[in-house]
Each structure stands twice: as C-alpha cells, then as structure tokens.
Amino acid sequence: MNIGIVGLGLIGGSIALDLRSRGFNVLGVSSRQQTCDRAQETGVVNQASTHLSVMATADLVFICTPLGAIEPIVQKLIPHLSGDTIVTDVGSVKTPIVQAVSDLWPNFVGGHPMAGTAQSGIEAAVRDLFVGRPYVLTPTAQTPEAAVDRVEEIARLLGALVYRCGPQEHDRAVAWISHLPIVASATLLAACAAEGDRDLVDLAQHLASSGFRDTSRVGGGNPELGVMVAKYNREELLRSLSIYRDSLDEFISDIEAENWQALEQKLKLTQQARENYNL
Ligand code: NAP
C-alpha cells in the first residue's frame, strides 16, 4: 500500500516515520526542496518531491500542512489522484475543512491526531508520537464508511486511540481542551510580562519552576498554530473564553471577599474534575 504525505513537518514527518517503519511505501510532498531532500536523506519517506504528481500512485493521502493550505492543496491534488484514493487531513479544526474538502473529494475523511510537541518542521519529526494518544475521525453522513474504516485502521497502526465524532462536536470539544488552554497560557505569559517592576520580573524568571513550566508550555508554543486555531475555530474559542472569563471572575470575587470556604470548595471540585481527563 502506498501512503502519501503532503506537508513534511512535525505531524506529517512523524506519521511518515511510523508508517515507513511498518513497511509502507511512503511518498512525500513538501513546499521546500530542502525539506524533501532532508526527508529522503534521513529515511523519513521513500521518495519526496515538491510536485504533487508523485501522489498519483498513493492509495491514501494525509494532508499535513498548516490549516490554511489544506483546501487549496486538495484542489491542486485532485487532477493527480485515481478515483478510489482516500484523502484525509490532520488539521486541528474540522468543521470548515470537512465542509470545503468533502465537496471537492467525496472520499475524504477528516482527522485530528491529538499529539504534538513545541517544535515544528521536518527536524521535529519523531517516532511513536501518536502512541496512546487520541486520534479523532470526523466523518459526516456522506463520508464513505470504507474510507473511514481504512483511515481508522492506519491510525491504530500508529498506536493511537481512535474516536469518531461529528466535525462540530470535535471543534467544540477541542476548544475546551486545546484552544482555550493556548489562550489561557499565553495570557498568563502576557500578564507576567506586563508587571512594571523589571527587577521583580527578573527575580520571577529565576524562580520559575515546574508549576510555571506546566502552565506556560502551550502559550509559549508555535504562534502560527495559535493564530490558525483562533481564526478557524473562532466561534467555539470565543464561547469557551467567555465561560472561562466568568469562572475567573468568580475566583476573583471569592479572593476579594476573603471567602476562603468558597475558594476551597471550588478548588476541591477542580481537583476532582482533573481526574476525569485522559492525561
Ligand atoms: P509544521 O511542523 O510547520 O509542518 C507543516 C509543514 O507543511 C511545513 O514544514 C511545510 O514544509 C509544509 N507545507 C507548508 N505549506 C505547504 C504547501 N502548500 N504544500 C506542501 N507542504 C507545505 O506543522 P505541524 O505542527 O506538523 O502542523 C501541521 C498540521 O497538523 C496543521 O494543520 C495542524 O493544525 C495540525 N496539527 C498540529 C499539531 C501540533 O501540535 N503541532 C497537533 C495535531 C495536528 P516545508 O519545510 O516544505 O515548508
């Protein structure tokens, strides 16, 4: 089976590495020649090119580019594909992508592997990135069942835990556990930077330890990805941010009123709530 990967970065390169090591013939396309050269030299793919024509023999193509490039790439890819090729993507937002791409190519399955690191590009590709992590597939009523089953089979080979849900449900859920945390963490860093006393900021920077490392990690990640998820999942992100702001106000009120009992009750609930997440 020939696997095509368009976009040889962190996610595309990591999928390519794993599928190659499981014996698939992996064909890669990326925008820069130097990325293609590196992917081939380091054995991430069997063959790489800047031309989509190499996808002609692919049975299943993963689109692993930034969100804004997915639809235009599928448009350019279509003339090179045979009719039964399955196309899937790994974009972090699903509703706009699934709507646009399913109209262009009915054999399309929206997907989102829930794994990543703070790095990007082909150098960031690693083996086993998806082991034990959720991989969401977002078929619609029109998506061919056989295509969904095939993508699920490959996602399982990556060691991922596969979930299926609608594109809108996906976007609302990931607003809570992925997109809101990016903004909450970024605003934490922004608020610290707004402290006027520079000596104090310097001291805080030296004292920062594991708690700050955990809470600032996603806010200090790839800015391009943060902008993309805000742009493509704007409504759901704003909805979660509004509820988050109300929650923050409630905590502020308890602290202002020195209502330690109410604060403790809230923190007991958050301690319990955290146990329900797949962490
Ligand atoms: P990335 O490391 O920046 O990789 C994307 C790669 O796509 C770039 O290295 C670039 O390669 C290539 N590219 C860009 N435009 C292209 C085009 N028009 N044609 C062909 N190749 C192109 O980004 P990533 O983190 O892997 O993210 C890729 C996708 O995965 C995004 O849609 C994102 O939403 C999704 N995702 C990300 C994460 C995460 O945590 N990072 C997690 C799950 C899903 P060149 O070097 O050739 O320019």
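For every chain, the first residue of the written sequence is number 1, and numbering continues from 1 along that sequence. In keeping with the predicted nature of the model, local features appear solely for residues at pLDDT of at least 70, side-chain atom pairs appear and are counted solely at 80 or more, and the whole-chain, interface and lining totals rest on all residues. Excluded from the side-chain calculation are hydrogens and water; included are all heavy atoms of the structure.

Comments concerning the overall build of the protein chain
Part 1 of the reasoning: When helices and strands are tallied, the protein chain shows eleven helices and nine strands.
Part 2 of the reasoning: By principal-axis analysis of the C-alpha atoms, the protein chain measures approximately 65 × 45 × 30 Å.
Part 3 of the reasoning: The buried share of the protein chain, reckoned over its 279 residues, is 41%.
Part 4 of the reasoning: Looking at the protein chain alone, contacts between residues at least 24 apart form 67% of all its contacts between residues at least 6 apart.
Part 5 of the reasoning: When the accessible surface of the protein chain is summed, it comes to about 15100 Å², and 52% of that surface belongs to carbon and sulfur atoms. Secondary structure counts use DSSP, requiring at least four H or I residues in a row for a helix and at least two E residues in a row for a strand, with both numbered from the N terminus. Summary of the burial criterion: residues with accessible area below 20% of their type's maximum are buried, those above 50% are exposed, and those between are partly exposed, where the area comes from a 1.4 Å probe applied to protein chains only. Residues count as neighbours in contact if any of their non-hydrogen atoms are within 4.5 Å of one another. Each accessible area is a Shrake-Rupley result for a 1.4 Å probe, and residues are judged covered by the shown protein chains and nothing else.

A look at the side chain of Asp254
Part 1 of the reasoning: When you line up the elements, Asp254 lands in helix 10 (residues 234–256).
Part 2 of the reasoning: We classify Asp254 as buried; its relative accessible area is 9%.
Part 3 of the reasoning: Polar contact is defined as a pair of N or O atoms within 3.5 Å, subject to the rule that within protein one atom must be able to donate a hydrogen and the other to accept it, and that residues adjacent in sequence are counted only when both atoms are side-chain atoms. Polar contacts involving the side chain of Asp254 include one to the side chain of Lys266, which spans 2.4 Å.

Description of the sheet that holds strand 9 (residues 161–164)
Part 1 of the reasoning: Spatial ordering of the open sheet is given by 7-8-9, a layout of three strands whose pairing is mixed. Edge positions in the sheet fall to strand 7 (111–113) and strand 9, since each of these pairs with one other strand and no more. Strand after strand, the sheet turns through a mean of 20° between neighbouring axes, direction not considered.
Part 2 of the reasoning: Helix axes use the C-alpha atoms of the stretch in contact, all axes being lines fitted to C-alpha atoms, and the angles between their N-to-C directions lie in the range 0 to 180 degrees. Sitting on the sheet, helix 5 (residues 145–157) touches strand 8 (134–137) and strand 9, and the angle it makes with strand 9 is about 155°. Two strands make a pair as long as DSSP finds a minimum of two bridges between them.

Side note on the sheet that holds strand 2 (residues 25–29)
Part 1 of the reasoning: Within the open sheet, the six strands sit side by side as 3-2-1-4-5-6. Their pairing is parallel. Taken across any chain shown, the strands that pair with only one partner, and hence form the sheet edges, are strand 3 (47–49) and strand 6 (108–109).
Part 2 of the reasoning: Packed on one face of the sheet, helix 1 (residues 10–21) meets strand 1 (2–6), strand 2 and strand 4 (60–63) and runs near 165° to strand 1.

A few points about the site of the ligand
Part 1 of the reasoning: Inspection of the region around the ligand gives 24 residues, with Ser30, Thr35, Thr65, Ser92 and Gly121 positioned closest.
Part 2 of the reasoning: Interatomic distance of 2.9 Å between a backbone N/O atom of Arg32 and an oxygen atom of the ligand.
Part 3 of the reasoning: Taking Thr35, its side chain carries an N or O atom lying 2.5 Å from an oxygen atom of the ligand.
Part 4 of the reasoning: Coverage of the ligand by the protein chains reaches 83% of its 890 Å² of free accessible surface.
Part 5 of the reasoning: Lys, Arg, Asp and Glu make up the charged group, whereas Ala, Val, Leu, Ile, Met, Phe, Trp, Tyr, Cys and Pro make up the nonpolar group; the residues left over, Gly among them, are polar. Grouping the amino acids of the shell around the ligand by side-chain chemistry returns eleven nonpolar, twelve polar and one charged. Any residue with a non-hydrogen atom lying within 4 Å of a molecule or strand is treated as near it.

Structural notes on the packing of aromatic side chains
Part 1 of the reasoning: When the centres of two rings from Phe, Tyr and Trp lie within 6.5 Å, Trp using its six-membered ring, the rings pair. Their planes under 30 degrees apart give stacked, over 60 give edge-to-face, and anything left gives tilted. Under the counting rule described, the total for this entry stands at zero aromatic pairs.
Part 2 of the reasoning: Positioned above the aromatic ring of Phe251, the side-chain terminus of Lys266 is 5.8 Å from the ring centre. Only when the NZ atom of a Lys or the CZ atom of an Arg is both within 6 Å of the ring centre and within 35 degrees of the ring normal do we say a charge sits over the ring.

As for the domain arrangement of the protein chain
Part 1 of the reasoning: The domain boundaries here were taken from an automatic or database domain assignment. Domain assignment breaks the protein chain into domain 1 (2–165) and domain 2 (169–274).
Part 2 of the reasoning: The C-alpha centroid of domain 2 is placed 31 Å from the C-alpha centroid of domain 1.
Part 3 of the reasoning: Tallying the contact residues gives 14 residues for domain 1 and 13 residues for domain 2.
Part 4 of the reasoning: Of the roughly 1100 Å² buried where domain 1 meets domain 2, counting both sides, 69% is carbon and sulfur surface.
Part 5 of the reasoning: The rule for a salt bridge is simple: a side-chain nitrogen of Lys or Arg has to be within 4 Å of a carboxyl oxygen of Asp or Glu. Our count for the domain 1 to domain 2 interface comes out at zero salt bridges.
Part 6 of the reasoning: At the junction of domain 1 and domain 2, the tally comes to three residue pairs in polar contact (both at pLDDT 80 or more).
Part 7 of the reasoning: The set of elements that each furnish at least two residues to the side of domain 1 that touches domain 2 consists of helix 3 (67–77) and helix 4 (95–104).
Part 8 of the reasoning: Split into classes, the residues belonging to the side of domain 1 that touches domain 2 amount to seven nonpolar, six polar and one charged. Throughout, the accessible surface (probe 1.4 Å) given up by two parts as they are put together, summed over both, is called the buried area.

Digging into unusual backbone geometry
Part 1 of the reasoning: Although it is not a glycine, Asp128 sits at a positive phi angle of roughly 60°.
Part 2 of the reasoning: Examined against the element boundaries, Asp128 turns out to sit in the loop between strand 7 and strand 8.
Part 3 of the reasoning: We note that Glu258 has phi near 55°; this positive angle belongs to a residue other than glycine.
Part 4 of the reasoning: In this structure, Glu258 sits in the loop between helix 10 and helix 11 (260–274).
Part 5 of the reasoning: Among the residues examined, Glu258 registers a relative accessible area of 56% and is labelled exposed.

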